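A structural walkthrough
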Amino acid sequence: MGITYKQAWEKLAEYGQEHVLRYYEDLNEEEKQALLAQIESIDFSVTASCAHKEELAKKGRISPLKAMELPEITENREAYRKLGEEAIRAGKVGAVLLAGGMGTRLGSDAPKGVYNIGLTKEVYIFERLIVNLLEVVRETDAWIHLFVMTSDKNHEATVTFLTERHFFGYRSEYVHFFRQDMAPAADYNGKVYMESKYKISTSPNGNGGWYISMKSTGMSDIVREAGIEWLNIFAVDNVLQRIADPVFVGAVLHENCDVGAKVVRKNAPDEKVGVICLEDGRPSIVEYYELTEELMSARDEKGDPAYNFGVILNYLFRVSALDGLLRKKLPLHIVEKKIPYMDEQGNFVKPKEPNGYKFENLVLDMIHQLESCLPFEVVREKEFAPIKNPTGIDSVESARALLLQNGVEL
Ligand code: UTP
């Protein structure tokens, strides 16, 4: 039995969101129950953060964090590879595909992974990722558990697509889907938008919610039972990335860090990537818009830029360190977005300009809560082809060019 109307009203009143029940009397029984259930499941406390938005973004003292660079990796490649392959064969490494995002910039309503980037044949984003992971499966002769995070907005479409295509050759027992949590979307005053008379506008709660959602959906039980000690999380949109890369795994094991971060050398001081660093002595990431002139021009002892390595959303986390994180709350990020909503007249509106806030947790804040991080340099042209936009920078076009350059047929 869910909450009653009175309990729902009280919960909403605590956060000034009573307007959510404005049309309650017009609803049929099923709609009433759906709305009450949604009110029960949502954490409205996030909306209160709009009032002290500026405070949320405060950073500590930033200093450089040394990366393991290509020459050192080349020198130890075979030793790291051996270590990594052993860990994979022992079943200690799992992979987590973060595919819960909305991919709004790409402009398709379908999940990003089902986007066809082929030119003369069909080549899907999901396919590219799985084909890359399959190379490691073949190299090690061991199957790697692949956890796929979706959201309420794209779950069915993702599962159907991958199931119909037989997971592009991946063994189905090793593929596990789970949904991330949703957060309400609000106007600039923190009032949540309604999508219809019985539905609050929600969006996925950011890519930092993945481990909490793995816990709440029972995925962590699979992790525990399988003896997985490391989880390699990766974004859906980098079609060149190496997943469960044995050399990377081996390096992180060798350095005994809580997390490894694949990084690329920045192509310009003001490139729009988050930069790995220390913040108050702990590993952290400064976003490009937080990078001051002073940090941008800082040099290390070799004369190289001191903040020269950008993260590509490919991290290897130690599972036992993640369990420790669950006790702490991640900071909240407020992001300005275009939020579809129902207006006063009851019309559904898809705004062309941003009209409010979404509330997100980000993976980069998890890094800051850990003790140690190994930034691991990879060759950008070989491992970084993100698809964010249809054309221009980080686009379908630029990714296609990089794939062709790497010998992938499209
Ligand atoms: P982005 O930050 O590029 O966001 O996600 P997005 O939602 O996919 O795209 P835009 O901004 O709307 O165009 C980086 C990675 O994090 C995942 C995405 O699926 C992508 O792999 N992500 C993002 C989630 O899994 N959940 C989220 O709530 C947000």
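Computed from a predicted structure; not experimentally measured.

This paragraph deals with the side chain of Ser395. Note on placement: Ser395 falls in the loop between helix H13 (380–383) and helix H14 (396–405). With relative accessibility at 0%, the residue Ser395 sits in the buried group. In terms of polar contacts, Ser395 uses its side chain to reach the backbone amide nitrogen of Glu397, at 3.2 Å. The residues contacting Ser395, other than those within four sequence positions of it, are Pro386, Ile387, Lys388, Asn389 and Pro390.

This brings us to the nonpolar core. The biggest cluster of nonpolar side chains holds 61 residues, and the ones touching the most others in it are Leu97, Phe126, Ile144, Tyr170 and Phe376. For this core, the leading source of residues is helix H5 (residues 125–140), giving eight residues. Excluding residues within four positions of it along the chain, Phe376 makes contact with Met68, Ile73, Val247, Phe248, Ala251, Ala261, Lys262 and Val263. Within the second largest apolar cluster, 37 residues are counted, among which are Val96, Trp210, Phe317 and Val363.

Right, let's get into the site of the ligand. Inspection of the region around the ligand gives 19 residues, with Leu98, Thr104, Arg105, Gln180 and Lys388 positioned closest. In isolation the ligand has 570 Å² of accessible area, and contact with the protein removes 88% of it.

When two helices pack together, their arrangement is given by the angle between their axes and by how far apart the axes lie. Remark: helix H4 (residues 70–89) packs on helix H9 (residues 246–255), axes separated minimally by 6 Å, with the N-to-C direction vectors making an angle of 90°. The angle between the axes of H4 and H9 places the two elements in the roughly perpendicular class. Two secondary-structure elements touch here, H4 through Ile73, Arg77, Tyr80, Arg81, Leu83, Gly84, Glu85, Ala87 and Ile88 and H9 through Pro246, Val247, Val249, Gly250, Ala251, Leu253, His254 and Glu255.

What follows concerns the pattern of salt bridges. Going through the model one piece at a time under the given rule, you end up with 28 salt bridges. Between Asp237 and Lys112 there is a salt bridge whose closest N-O contact spans 3.0 Å. Residue Asp237 is located in the loop between strand E9 (230–235) and H9, and its partner Lys112 is located in the loop between strand E2 (93–98) and H5; the two are separated by 125 residues in the primary sequence. You'll find Asp237 and Lys112 in the same group, each marked buried.

This next bit is on the packing of aromatic side chains. Taken as a whole, this structure holds 15 aromatic pairs when the rule is applied. An aromatic cluster of at least three residues, connected via ring pairs, comprises Tyr124, Phe126, Phe161 and Phe168. Directly above the aromatic system of Tyr124 lies the positively charged group of Arg165, at a separation of 5.2 Å from the ring centroid.

For the rest of this paragraph, the subject is unusual backbone geometry. In the Ramachandran plot, Asp141 falls in the positive-phi region, its phi being about 55° despite a non-glycine side chain. Assignment of secondary structure puts Asp141 in the loop between H5 and strand E3 (146–150). By relative accessible area, which is 71% here, Asp141 ends up exposed. The phi angle at Asn256 is positive, at roughly 55°, despite the residue not being glycine. Considering the arrangement of structural elements, one finds Asn256 in the loop between H9 and strand E10 (259–265). The exposure class of Asn256 is exposed, given its relative accessible area of 54%.

Reading the values: the criteria
Residues numbered from 1 in each chain as written. Predicted model: local features only at pLDDT ≥ 70, side-chain atom pairs only at ≥ 80, totals over all residues. Heavy atoms only, no water. Helix = DSSP H or I, 4+ residues; strand = E, 2+ residues; numbered from the N terminus. Buried < 20%, exposed > 50% of the residue type's maximum accessible area, 1.4 Å probe, protein only. Polar contact = N/O pair within 3.5 Å; in protein donor to acceptor, adjacent residues only side chain to side chain. Contact = heavy atoms within 4.5 Å. Core = buried A, V, L, I, M, F, W, Y, C linked by side-chain atoms within 4.5 Å. Near = heavy atom within 4 Å. Areas by Shrake-Rupley, 256 points an atom, 1.4 Å probe, with all protein chains shown as cover. Axes fitted to C-alpha atoms, helices over the stretch in contact; angles between N-to-C directions. Parallel < 35°, antiparallel > 145°, perpendicular 65-115°, else oblique. Salt bridge = Lys/Arg side-chain N within 4 Å of Asp/Glu carboxyl O. Phe/Tyr/Trp six-rings, centres within 6.5 Å; stacked < 30°, edge-to-face > 60°. Lys NZ or Arg CZ within 6 Å of the ring centre and 35° of its normal.

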